[in-house]
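Architecture and fold: a report
Chain by chain, the residues run as shown.
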Amino acid sequence: MKILRLLFGLDQPIDRKTYLTAGFSLAALKYGIDFLVVYLSTGKIWTLLAYLSPALFFRQEAVGPTPEFVLGVMEIYTLPFGAFHWPDQILQQLLCAKLSERL
């Protein structure tokens, strides 16, 4: 519970090491879940290189055809990972607005 209060709370600053550790940990968790879903639904191994590729062609080639429900499942459980990013974006906008007032 302490880590959630640290990451999502606004009452204490987060140092760079904690922020990077949390970000990479969440990214690794997301890849692990995606890997497991794809493996269980298709029987294929989704490599990290294919996962990180921005080209849709490489990702589709690595995974192959998937059942229709897989995309919906992946979209639903991606929402909590986005929740980690949204407060960061809001705080960046607030910081930019505060800094622009000083210019």
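Each value, and the rule that gives it
Residues numbered from 1 in each chain as written. Predicted model: local features only at pLDDT ≥ 70, side-chain atom pairs only at ≥ 80, totals over all residues. Heavy atoms only, no water. Helix = DSSP H or I, 4+ residues; strand = E, 2+ residues; numbered from the N terminus. Areas by Shrake-Rupley, 256 points an atom, 1.4 Å probe, with all protein chains shown as cover. Core = buried A, V, L, I, M, F, W, Y, C linked by side-chain atoms within 4.5 Å. Buried < 20%, exposed > 50% of the residue type's maximum accessible area, 1.4 Å probe, protein only. Contact = heavy atoms within 4.5 Å. Salt bridge = Lys/Arg side-chain N within 4 Å of Asp/Glu carboxyl O. Expected span 1.5 Å × (residues − 1). pLDDT = per-residue confidence, 0-100.

1. A word on the overall build of the chain
Helix and strand content of the chain: 5 helices and 0 strands. When the helices and strands of the chain are placed in sequence order, the string is α-α-α-α-α. Of the roughly 8,200 Å² of accessible surface on the chain, a fraction of 70% belongs to carbon and sulfur atoms.

2. Regarding the nonpolar core
Listed in full, the 11 residues of the largest apolar core are Tyr31, Val37, Val38, Trp46, Ala50, Tyr51, Val63, Val70, Met74, Tyr77 and Phe81. Taken together, the elements giving at least two residues each to this core come down to helix 2 (16-42), helix 3 (48-52) and helix 5 (68-102). Per element, the largest residue contribution to this core is 4 residues, and it comes from helix 5. In contact with Met74, not counting residues within four places along its chain, are Asp34, Val37, Val38 and Trp46.

3. Some remarks on the pattern of salt bridges
Under the definition given, this model contains 1 salt bridge. One salt bridge in this structure joins Lys30 and Asp34, with 2.7 Å as the shortest N-O distance. Note that Lys30 and Asp34 are positioned in helix 2 at a spacing of 4 residues, about one turn of the helix. Residue Asp34 is classed as buried on the basis of its relative accessible area, which comes to 2%.

4. Observations regarding helix 2
Here helix 2 is 27 residues long and its end C-alpha atoms lie 38 Å apart, about the 39 Å a rise of 1.5 Å per residue gives. Gly43 sits one or two positions beyond helix 2 and adopts a positive phi of about 80 degrees.

5. Here we look at the confidence of the model for the chain
Put simply, the chain has an average pLDDT of 77, and 74% of its residues get 70 or more. Of all helices and strands in the chain, the one with the weakest mean pLDDT is helix 1 (residues 2-8) (70), whereas helix 2 scores best (87).

6. Re the side chain of Ser53
Mapped onto the elements, Ser53 comes out in the loop between helix 3 and helix 4 (56-63). What Ser53 contacts, discounting residues up to four positions off in sequence, is Phe58 and Arg59.

7. A look at the environment of Ser41
Along the polypeptide, Ser41 turns up in helix 2. Setting aside anything within four residues of it in sequence, one finds Ser41 in contact with Pro67, Phe69 and Val70.

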